[in-house]
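# Understanding the architecture of this molecule
What follows is the residue order along each chain.
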Amino acid sequence: MSPDPRSLAERVSAETGLEFTGTEGRDGDGSRWLELQPADHPAGQTFTLRTVVGWRRLDVHFRPGNFAGDLMEAMGSADETGRGTFLAVLRACRDAGAEIILTVNGAARDPDDQSIWAASWRSLGLVLRKGMLAINNGDAEADMRQIELWTSRAAAAVFALLPVEVEGSDMEEDAPDVVGLPEGARTRVEVNRYERDRRNRAAALAIHGYACKACDLDMGDRYGAAAAGLIEVHHVTPVSEVGPGYVIKPLDDLIPLCPNCHSVTHRRSPPYSVAELRAMLNGASL
């Protein structure tokens, strides 16, 4: 069974909260590609993410539509949080061995160069190129996991700059009443206030991966494709302890935990640290 554009669309949609549709095809040289596009948006005014599957390599291309000028301008005007998240995701990709090709207004740019934000964006190009991958070896499930991983990383970088609405923004007006809410409701309000839609989650997983930081469990490895990408994201510092102006940094403030470890860490207030969870697991295995 070959990699499926529908399952890829479902995976990236789940990670970002933005619904995608998927298609597939082949380039002139025979290379297969899978392409995602935001659903219910005019093709010319939005963008696509095309993942080209080569021999032991993947190239993920961000391509804006022909009439996506307003979108480009909005992405270039992203706030400090979006810019920082965009850069953090790209740095994580680079640390994982990917080549980053960024062009702004037709010129090649370094993502670490802060001057890229100075001018209005008229066009944007982004390619994540990752070689030396164990793909095209006859294991379609393993191929799909690599495709999902690198496409999700590109999507997280792009999503950080998109002009999306803040989930739960209407609830922010009720912030003074948070203390009087039951524990579950209080947590829900706080998470809505500090996690802008699913951008922080998508970025955290793009940076840290999908294995639990405490027990190293990757649900996809344990259960197969049905559980690929199934992981929870934990706030290292509880959102109830940070001020209203605090900017979440996915690299430092969010980590992936499996459901079991995430439940255990919240058995105490303040939560157990990853080091404490690992100590528990090491003690239990003796």
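Just so you know, these numbers come straight off a predicted model, no measurement behind them.

## Here's the deal with the pairing of strand 1 (residues 20-26)
In terms of strand pairing, strand 1 meets strand 2 (residues 32-38) through 7 bridges, oriented antiparallel. When the sheet's bridge partners are listed, Phe20 is paired in strand 2 with Pro38. Here strand 1 hands over to strand 2 after 5 residues, with Gly30 in that stretch at a positive phi of 95°.

## Things to note about the packing of aromatic side chains
Taken as a whole and judged by the stated rule, the model has 4 aromatic pairs. Plain terms: the ring middles of Phe20 and Phe47 are 6.2 Å apart, the flat faces sit at 70° to each other, and that makes the pair edge-to-face. With Phe20 in strand 1 and Phe47 in strand 3 (residues 47-54), the pair connects residues that are 27 residues apart, well separated along the chain. Across this residue pair, the class does not change: Phe20 and Phe47 are buried. Both rings, one in Phe47 and one in Phe62, keep their centres 5.4 Å apart while their planes meet at 40°; by these two values the pair is tilted. Of this pair, Phe47 sits in strand 3 while Phe62 is found in strand 4 (residues 57-64), placing the two residues 15 residues apart along the sequence. Comparing Phe47 with Phe62 shows no difference in burial state: the two are buried. Among the aromatic side chains, those forming a connected cluster through ring pairs are Phe20, Phe47 and Phe62. Taking NZ or CZ as reference, Arg50 lies 3.7 Å from the ring centre of Trp33, over its face. One cation-aromatic arrangement involves Arg153 over Trp150; the distance from NZ or CZ to the ring centre is 4.5 Å.

## A look at the state of the cysteines
If you walk through the whole model with that rule in mind, you get 0 disulfides. With no disulfide partner, Cys261 has as its closest neighbouring cysteine sulfur the one in Cys258, 3.6 Å distant.

## A word on the sheet that holds strand 4
Pairing in this open sheet of 7 strands is antiparallel, and the strands run 1-2-3-4-7-5-6 from one edge to the other. Each of the sheet's edge strands pairs with one partner strand only, and the pair in question is strand 1 and strand 6 (107-109). In this sheet, adjacent strand axes meet at a mean angle of 20° when their direction is disregarded. Strand direction decides the pairing type here: strand 5 (residues 99-104) and strand 7 (residues 124-130), joined by 6 bridges, are antiparallel. Across the sheet, residue Ile100 finds its bridge partner in strand 7, namely Leu128. Taken strand by strand, helix 2 (residues 69-76) contacts strand 3, strand 4 and strand 7, and its axis lies near 110° from that of strand 4.

## Observations regarding the environment of Ala154
Within the secondary structure layout, Ala154 lies in helix 4 (residues 140-161). Non-local contacts of Ala154, meaning those with residues more than four positions away in its chain, are made with Leu49, Val60 and Leu128.

## A look at helix 4
Between its first and last C-alpha, helix 4 extends 32 Å over 22 residues, near the 32 Å set by a 1.5 Å rise per residue. When you tally the buried positions in helix 4, you get 17 out of 22 residues, the bulk of the element. Two to three positions downstream of the cap, the backbone nitrogen of Glu141 sits 3.3 Å from a side-chain oxygen, assigning the N-cap of helix 4 to Asp139.

Conventions we followed
Residues numbered from 1 in each chain as written. Predicted model: local features only at pLDDT ≥ 70, side-chain atom pairs only at ≥ 80, totals over all residues. Heavy atoms only, no water. Pairing = 2+ DSSP bridges. Helix = DSSP H or I, 4+ residues; strand = E, 2+ residues; numbered from the N terminus. Phe/Tyr/Trp six-rings, centres within 6.5 Å; stacked < 30°, edge-to-face > 60°. Buried < 20%, exposed > 50% of the residue type's maximum accessible area, 1.4 Å probe, protein only. Lys NZ or Arg CZ within 6 Å of the ring centre and 35° of its normal. Disulfide = S-S within 2.5 Å. Axes fitted to C-alpha atoms, helices over the stretch in contact; angles between N-to-C directions. Contact = heavy atoms within 4.5 Å. Expected span 1.5 Å × (residues − 1). Polar contact = N/O pair within 3.5 Å; in protein donor to acceptor, adjacent residues only side chain to side chain.

That's the geometry; what it means functionally is another story.
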